[in-house]
Amino acid sequence: MKIYLNGKLVDKEKARISVYDHGLLYGDGVFEGIRTYDGMIFRLKEHMDRLYRSAGAIELKIPMPKAKMVDAVIKTLKANSLKDAYIRLAVTRGFGDLGLDPRKCSAPTVFIITDKIKLYPKKFYQEGLEIITAKTRRNFPQALDPRIKSMNYLNNILAKIDAIKAGTEEAIMLTYDGYVAECTGDNIFIVKGGVLMTPPVEIGALEGITRDAVIGLAKKMGIGFSTKLMRVEDLYDADEVFLTGTAAEIIPVVKIDKRTINGGKPGELTLKLMKEFKELTKIDGVRY
Ligand code: PXG
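Small disclaimer: the values here were computed from a predicted structure and weren't measured.

S.K.: Outline the overall build of the protein, listing residues and values.
M.R.: Looking only at helices and strands, the protein features eight helices and 16 strands. Against the compact-globule benchmark of 19 Å for 288 residues, the protein has a radius of gyration of 19 Å, which places it among compact chains. The buried share of the protein, taken over its 288 residues, is 52%. Of the contacts made within the protein by residues no fewer than 6 positions apart, 70% connect residues no fewer than 24 positions apart. Distance between charge centres in the protein, computed from 46 positive and 37 negative side chains, equals 4 Å.

S.K.: I'd like a description of the layout of surface pockets, backed by residues and values.
M.R.: Volume-wise, the largest pocket comes out at about 890 Å³. Residue lining of the largest pocket: 36 residues in total, with Y86, R88, K149, G185 and A247 positioned closest to the centre. Listed by contribution, the elements that provide at least two residues to the lining of the largest pocket are β3 (29-37), β5 (85-92), α5 (154-165), β9 (180-183), α6 (209-220) and β13 (240-245). Of the pockets and cavities examined, the second largest pocket occupies roughly 280 Å³. Along the wall of the second largest pocket there are 13 residues; nearest its centre are Y125, E249, I250, M274 and K278. The set of elements that each furnish at least two residues to the lining of the second largest pocket consists of α4 (122-127), β14 (249-256) and α8 (268-283).

S.K.: Summarise the environment of L229; cite the residues concerned and give the values.
M.R.: Turning to its location among the elements, L229 is positioned in the loop between β12 (225-227) and α7 (232-236). On the basis of relative accessibility, which here comes to 41%, the residue L229 falls in the partly exposed class. Separated by 49 residues in the primary sequence, L229 and V180 have C-alpha atoms spaced 7.2 Å apart.

S.K.: A description of empty space enclosed by the protein should follow, citing residues and the corresponding values.
M.R.: In total, this model carries two cavities of 30 Å³ or more according to the counting rule given. Approximately 80 Å³ is the volume attributed to the largest cavity. Around the largest cavity, the lining residues are R138, N139, L144, D145, P146, I148, K149, S150, N152, Y153, N156 and L206. Roughly 50 Å³ of internal volume is contained in the second largest cavity. For the second largest cavity, the full set of lining residues is R35, Y37, F42, H47, I209, T210, G245, T246 and F277. Looking at the lining of the second largest cavity, the elements that each hand over two or more residues are β3 and α6. Residue classes in the lining of the second largest cavity are distributed as four nonpolar, four polar and one charged. Each of two domains, domain 1 (2-115) and domain 2 (122-282), supplies a minimum of three residues to the lining of the second largest cavity.

Rules used throughout
- Residues numbered from 1 in each chain as written.
- Predicted model: local features only at pLDDT ≥ 70, side-chain atom pairs only at ≥ 80, totals over all residues.
- Heavy atoms only, no water.
- Helix = DSSP H or I, 4+ residues; strand = E, 2+ residues; numbered from the N terminus.
- Rg over C-alpha atoms; globule rule 2.2 N^0.38 Å.
- Buried < 20%, exposed > 50% of the residue type's maximum accessible area, 1.4 Å probe, protein only.
- Contact = heavy atoms within 4.5 Å.
- Lys, Arg positive; Asp, Glu negative; His and termini not counted.
- Charge placed at Lys NZ, Arg CZ, Asp CG, Glu CD.
- 1 Å grid on protein atoms, 1.4 Å probe; cavity = no way out; pocket = protein on both sides within 12 Å on 5 of 7 lines; lining within 4 Å.
- Points joined across faces, edges and corners; volume = space filled by probe spheres on them.
- Nonpolar A, V, L, I, M, F, W, Y, C, P; charged D, E, K, R; others polar.
- Domains from an automatic or database assignment.

Put into C-alpha coordinates, the structure is as follows:
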(Lines give C-alpha, C1' and ligand atoms only; values in the text may rest on other atoms or scores of the structure.)
Protein backbone atom coordinates (compact mmCIF):
# COMPACT_ATOMS: atom_id res chain seq x y z
CA MET A 1 0.00 0.00 0.00
CA LYS A 2 1.34 3.43 -0.96
CA ILE A 3 0.79 6.47 1.24
CA TYR A 4 1.00 10.06 0.06
CA LEU A 5 3.31 11.94 2.42
CA ASN A 6 4.38 15.52 1.77
CA GLY A 7 4.33 15.31 -2.01
CA LYS A 8 5.64 11.76 -2.40
CA LEU A 9 4.13 8.29 -2.60
CA VAL A 10 5.90 6.06 -0.11
CA ASP A 11 5.44 2.48 1.08
CA LYS A 12 3.17 2.08 4.11
CA GLU A 13 6.12 0.79 6.19
CA LYS A 14 8.15 3.87 5.29
CA ALA A 15 5.36 6.42 5.83
CA ARG A 16 6.61 7.91 9.08
CA ILE A 17 6.40 11.32 10.68
CA SER A 18 8.42 12.86 13.49
CA VAL A 19 7.51 12.54 17.18
CA TYR A 20 7.94 16.34 17.13
CA ASP A 21 5.00 16.72 14.74
CA HIS A 22 2.39 18.88 16.46
CA GLY A 23 -0.35 16.66 15.05
CA LEU A 24 0.94 13.99 17.42
CA LEU A 25 2.15 16.21 20.27
CA TYR A 26 -1.03 18.30 20.52
CA GLY A 27 -3.61 16.96 18.09
CA ASP A 28 -2.91 20.16 16.17
CA GLY A 29 -4.28 19.39 12.73
CA VAL A 30 -7.38 18.70 10.66
CA PHE A 31 -8.58 15.70 8.68
CA GLU A 32 -11.24 14.26 6.41
CA GLY A 33 -12.72 10.80 6.00
CA ILE A 34 -13.87 10.32 2.40
CA ARG A 35 -15.29 7.35 0.57
CA THR A 36 -15.17 6.03 -2.97
CA TYR A 37 -17.81 3.85 -4.60
CA ASP A 38 -16.89 1.82 -7.66
CA GLY A 39 -14.20 4.23 -8.83
CA MET A 40 -16.00 7.46 -7.89
CA ILE A 41 -15.16 9.77 -5.00
CA PHE A 42 -18.37 10.69 -3.19
CA ARG A 43 -18.92 14.45 -2.67
CA LEU A 44 -15.24 15.26 -3.08
CA LYS A 45 -15.78 19.01 -3.41
CA GLU A 46 -17.76 19.13 -0.15
CA HIS A 47 -15.00 17.23 1.68
CA MET A 48 -12.33 19.55 0.27
CA ASP A 49 -14.33 22.62 1.23
CA ARG A 50 -14.76 21.31 4.79
CA LEU A 51 -11.05 20.44 5.06
CA TYR A 52 -9.94 23.92 4.02
CA ARG A 53 -12.64 25.50 6.23
CA SER A 54 -11.48 23.46 9.25
CA ALA A 55 -7.85 24.42 8.54
CA GLY A 56 -8.84 28.09 8.23
CA ALA A 57 -10.62 27.93 11.58
CA ILE A 58 -7.39 26.87 13.32
CA GLU A 59 -5.27 29.27 11.24
CA LEU A 60 -3.47 26.43 9.52
CA LYS A 61 -2.49 27.25 5.97
CA ILE A 62 -2.63 24.15 3.78
CA PRO A 63 0.48 24.35 1.57
CA MET A 64 -1.35 23.60 -1.68
CA PRO A 65 -4.54 24.69 -3.42
CA LYS A 66 -7.64 22.45 -3.44
CA ALA A 67 -7.06 21.32 -7.04
CA LYS A 68 -3.57 20.03 -6.18
CA MET A 69 -4.98 18.21 -3.15
CA VAL A 70 -7.57 16.54 -5.38
CA ASP A 71 -4.77 15.44 -7.75
CA ALA A 72 -2.86 13.97 -4.79
CA VAL A 73 -5.94 12.03 -3.61
CA ILE A 74 -6.53 10.58 -7.08
CA LYS A 75 -2.85 9.73 -7.52
CA THR A 76 -2.89 7.80 -4.23
CA LEU A 77 -6.07 5.91 -5.12
CA LYS A 78 -4.67 4.93 -8.50
CA ALA A 79 -1.33 3.83 -7.02
CA ASN A 80 -3.22 1.38 -4.82
CA SER A 81 -5.72 0.26 -7.51
CA LEU A 82 -8.64 0.84 -5.15
CA LYS A 83 -12.20 1.17 -6.44
CA ASP A 84 -14.10 1.03 -3.16
CA ALA A 85 -11.98 2.81 -0.65
CA TYR A 86 -11.80 4.83 2.50
CA ILE A 87 -9.60 7.92 2.22
CA ARG A 88 -8.05 9.49 5.29
CA LEU A 89 -6.60 12.86 4.47
CA ALA A 90 -4.82 14.81 7.19
CA VAL A 91 -2.94 18.06 7.49
CA THR A 92 -1.02 18.72 10.70
CA ARG A 93 0.78 21.82 11.93
CA GLY A 94 4.00 19.92 11.19
CA PHE A 95 7.40 19.48 12.78
CA GLY A 96 8.06 21.89 15.65
CA ASP A 97 9.60 22.05 19.09
CA LEU A 98 8.08 21.04 22.44
CA GLY A 99 6.09 24.24 22.85
CA LEU A 100 2.50 24.87 21.81
CA ASP A 101 3.45 27.83 19.63
CA PRO A 102 2.36 26.97 16.05
CA ARG A 103 4.83 29.56 14.72
CA LYS A 104 7.63 27.14 15.68
CA CYS A 105 6.44 24.62 13.11
CA SER A 106 8.35 24.87 9.86
CA ALA A 107 5.78 23.42 7.43
CA PRO A 108 2.49 21.50 7.64
CA THR A 109 2.57 17.74 7.20
CA VAL A 110 0.14 16.41 4.58
CA PHE A 111 -0.66 12.73 4.31
CA ILE A 112 -3.25 10.68 2.48
CA ILE A 113 -4.05 7.10 3.36
CA THR A 114 -6.30 5.09 1.05
CA ASP A 115 -7.40 1.70 2.24
CA LYS A 116 -10.17 -0.84 1.99
CA ILE A 117 -13.29 0.31 3.75
CA LYS A 118 -14.32 -1.45 6.97
CA LEU A 119 -18.11 -1.57 7.12
CA TYR A 120 -20.55 -2.04 9.96
CA PRO A 121 -21.97 -5.59 9.93
CA LYS A 122 -24.99 -6.02 7.59
CA LYS A 123 -27.08 -7.04 10.59
CA PHE A 124 -27.18 -3.45 11.89
CA TYR A 125 -28.69 -2.19 8.63
CA GLN A 126 -31.33 -4.90 8.60
CA GLU A 127 -32.17 -5.02 12.29
CA GLY A 128 -31.10 -1.56 13.48
CA LEU A 129 -28.60 -0.35 16.04
CA GLU A 130 -28.85 0.01 19.80
CA ILE A 131 -27.26 3.16 21.20
CA ILE A 132 -27.03 5.01 24.53
CA THR A 133 -26.68 8.59 25.69
CA ALA A 134 -23.04 9.22 26.59
CA LYS A 135 -22.14 10.62 29.97
CA THR A 136 -19.51 12.73 28.17
CA ARG A 137 -20.90 16.01 26.80
CA ARG A 138 -19.90 17.37 23.38
CA ASN A 139 -17.27 20.12 23.32
CA PHE A 140 -18.63 23.56 24.08
CA PRO A 141 -18.48 25.44 20.73
CA GLN A 142 -16.78 28.46 22.28
CA ALA A 143 -14.02 26.17 23.58
CA LEU A 144 -13.49 23.97 20.51
CA ASP A 145 -16.15 24.17 17.82
CA PRO A 146 -17.33 20.68 16.81
CA ARG A 147 -17.77 22.06 13.28
CA ILE A 148 -13.97 21.95 13.00
CA LYS A 149 -12.94 18.44 12.00
CA SER A 150 -9.74 18.57 14.01
CA MET A 151 -7.34 15.80 14.97
CA ASN A 152 -8.39 16.40 18.56
CA TYR A 153 -10.96 13.60 18.91
CA LEU A 154 -10.59 12.87 22.63
CA ASN A 155 -14.04 14.31 23.34
CA ASN A 156 -15.56 11.76 20.95
CA ILE A 157 -13.28 8.96 22.12
CA LEU A 158 -14.42 9.45 25.74
CA ALA A 159 -18.03 9.14 24.56
CA LYS A 160 -17.09 6.08 22.47
CA ILE A 161 -15.71 4.52 25.67
CA ASP A 162 -19.09 5.23 27.31
CA ALA A 163 -20.72 3.38 24.40
CA ILE A 164 -18.35 0.42 24.60
CA LYS A 165 -18.86 0.10 28.37
CA ALA A 166 -22.62 -0.02 27.77
CA GLY A 167 -22.12 -2.73 25.14
CA THR A 168 -23.18 -0.52 22.20
CA GLU A 169 -21.44 0.72 19.04
CA GLU A 170 -22.41 4.39 19.19
CA ALA A 171 -23.45 7.00 21.74
CA ILE A 172 -25.44 10.20 21.60
CA MET A 173 -23.54 13.28 22.75
CA LEU A 174 -25.49 16.11 24.33
CA THR A 175 -24.43 19.74 24.38
CA TYR A 176 -23.26 21.21 27.71
CA ASP A 177 -26.89 22.33 28.32
CA GLY A 178 -28.50 19.02 27.46
CA TYR A 179 -29.57 19.25 23.82
CA VAL A 180 -28.89 16.38 21.42
CA ALA A 181 -25.85 17.31 19.29
CA GLU A 182 -24.69 14.20 17.42
CA CYS A 183 -23.00 10.83 17.97
CA THR A 184 -19.26 10.14 18.33
CA GLY A 185 -18.72 9.71 14.57
CA ASP A 186 -22.18 10.17 13.09
CA ASN A 187 -24.97 12.75 12.86
CA ILE A 188 -28.43 11.92 14.17
CA PHE A 189 -31.89 12.33 12.62
CA ILE A 190 -35.42 11.63 13.78
CA VAL A 191 -38.73 11.28 11.96
CA LYS A 192 -41.81 12.51 13.81
CA GLY A 193 -45.24 12.83 12.22
CA GLY A 194 -43.71 12.34 8.77
CA VAL A 195 -41.21 15.20 9.21
CA LEU A 196 -37.46 14.66 9.17
CA MET A 197 -35.47 16.55 11.81
CA THR A 198 -31.86 16.91 12.88
CA PRO A 199 -30.11 19.24 15.36
CA PRO A 200 -28.71 22.49 13.94
CA VAL A 201 -24.89 22.36 13.67
CA GLU A 202 -24.58 25.71 15.45
CA ILE A 203 -25.28 24.07 18.81
CA GLY A 204 -22.11 22.00 18.40
CA ALA A 205 -22.13 19.25 15.80
CA LEU A 206 -20.13 18.46 12.69
CA GLU A 207 -21.77 19.52 9.45
CA GLY A 208 -21.69 15.99 8.06
CA ILE A 209 -21.40 15.45 4.32
CA THR A 210 -23.79 12.50 4.63
CA ARG A 211 -26.13 14.67 6.71
CA ASP A 212 -26.23 17.24 3.90
CA ALA A 213 -26.79 14.51 1.30
CA VAL A 214 -29.73 13.10 3.30
CA ILE A 215 -31.30 16.55 3.71
CA GLY A 216 -30.98 17.01 -0.06
CA LEU A 217 -32.61 13.64 -0.73
CA ALA A 218 -35.49 14.40 1.65
CA LYS A 219 -36.17 17.67 -0.15
CA LYS A 220 -36.10 15.90 -3.53
CA MET A 221 -38.46 13.22 -2.24
CA GLY A 222 -40.92 15.81 -0.94
CA ILE A 223 -40.36 14.89 2.72
CA GLY A 224 -40.78 17.77 5.19
CA PHE A 225 -37.53 18.75 6.87
CA SER A 226 -36.41 21.09 9.62
CA THR A 227 -33.49 21.48 12.00
CA LYS A 228 -34.67 21.22 15.57
CA LEU A 229 -33.37 21.56 19.10
CA MET A 230 -34.13 18.25 20.78
CA ARG A 231 -33.78 16.67 24.17
CA VAL A 232 -33.06 12.98 24.45
CA GLU A 233 -36.74 12.53 25.40
CA ASP A 234 -37.65 13.71 21.86
CA LEU A 235 -35.59 10.78 20.54
CA TYR A 236 -37.36 8.29 22.81
CA ASP A 237 -40.65 9.66 21.52
CA ALA A 238 -39.68 9.69 17.80
CA ASP A 239 -41.31 7.50 15.16
CA GLU A 240 -37.93 6.74 13.60
CA VAL A 241 -34.28 7.44 14.43
CA PHE A 242 -31.21 6.97 12.24
CA LEU A 243 -27.55 7.96 12.09
CA THR A 244 -25.55 9.25 9.12
CA GLY A 245 -21.82 9.21 8.42
CA THR A 246 -19.29 8.49 5.71
CA ALA A 247 -18.49 5.04 7.09
CA ALA A 248 -22.00 4.19 8.32
CA GLU A 249 -23.96 5.82 5.45
CA ILE A 250 -27.50 5.63 6.93
CA ILE A 251 -28.00 3.27 9.83
CA PRO A 252 -31.35 2.73 11.60
CA VAL A 253 -31.54 3.04 15.40
CA VAL A 254 -34.06 0.82 17.19
CA LYS A 255 -33.09 1.18 20.84
CA ILE A 256 -31.88 4.18 22.86
CA ASP A 257 -30.98 3.86 26.55
CA LYS A 258 -32.85 0.52 26.51
CA ARG A 259 -36.03 2.18 25.20
CA THR A 260 -37.44 0.64 22.04
CA ILE A 261 -38.06 2.90 19.00
CA ASN A 262 -40.71 2.05 16.37
CA GLY A 263 -41.41 -1.37 17.92
CA GLY A 264 -37.73 -2.28 17.51
CA LYS A 265 -37.78 -2.15 13.70
CA PRO A 266 -36.06 0.19 11.20
CA GLY A 267 -38.55 2.86 10.11
CA GLU A 268 -40.26 3.06 6.73
CA LEU A 269 -38.83 6.47 5.81
CA THR A 270 -35.38 5.42 7.03
CA LEU A 271 -35.49 2.42 4.68
CA LYS A 272 -36.59 4.63 1.78
CA LEU A 273 -33.75 7.08 2.43
CA MET A 274 -31.25 4.21 2.66
CA LYS A 275 -32.36 3.02 -0.77
CA GLU A 276 -32.16 6.51 -2.30
CA PHE A 277 -28.76 7.11 -0.72
CA LYS A 278 -27.39 3.94 -2.28
CA GLU A 279 -28.56 5.24 -5.69
CA LEU A 280 -26.94 8.63 -5.01
CA THR A 281 -23.54 7.02 -4.36
CA LYS A 282 -23.68 5.60 -7.90
CA ILE A 283 -24.00 8.99 -9.56
CA ASP A 284 -22.81 11.72 -7.18
CA GLY A 285 -19.06 11.47 -7.41
CA VAL A 286 -15.84 12.35 -9.20
CA ARG A 287 -14.57 9.50 -11.39
CA TYR A 288 -10.88 8.58 -11.26
N1 PXG B 1 -20.04 13.69 13.49
C2 PXG B 1 -18.76 13.43 13.82
C3 PXG B 1 -18.27 13.86 15.14
C4 PXG B 1 -17.90 12.81 12.90
O5 PXG B 1 -16.63 12.59 13.21
C6 PXG B 1 -19.76 12.68 11.35
C7 PXG B 1 -20.54 13.33 12.29
C8 PXG B 1 -20.36 12.35 10.01
O9 PXG B 1 -19.85 13.23 9.02
P10 PXG B 1 -19.70 12.76 7.49
O11 PXG B 1 -19.12 13.94 6.82
O12 PXG B 1 -18.78 11.57 7.48
O13 PXG B 1 -21.06 12.43 7.01
C14 PXG B 1 -18.40 12.42 11.64
C15 PXG B 1 -17.48 11.79 10.65
C16 PXG B 1 -14.14 6.61 10.98
C17 PXG B 1 -14.42 8.03 11.30
O18 PXG B 1 -12.95 6.27 10.83
C19 PXG B 1 -15.62 8.60 10.96
C20 PXG B 1 -15.88 9.93 11.29
C21 PXG B 1 -14.91 10.60 11.95
C22 PXG B 1 -13.72 10.01 12.28
C23 PXG B 1 -13.46 8.72 11.95
O24 PXG B 1 -15.08 5.84 10.88
N25 PXG B 1 -17.11 10.47 10.98
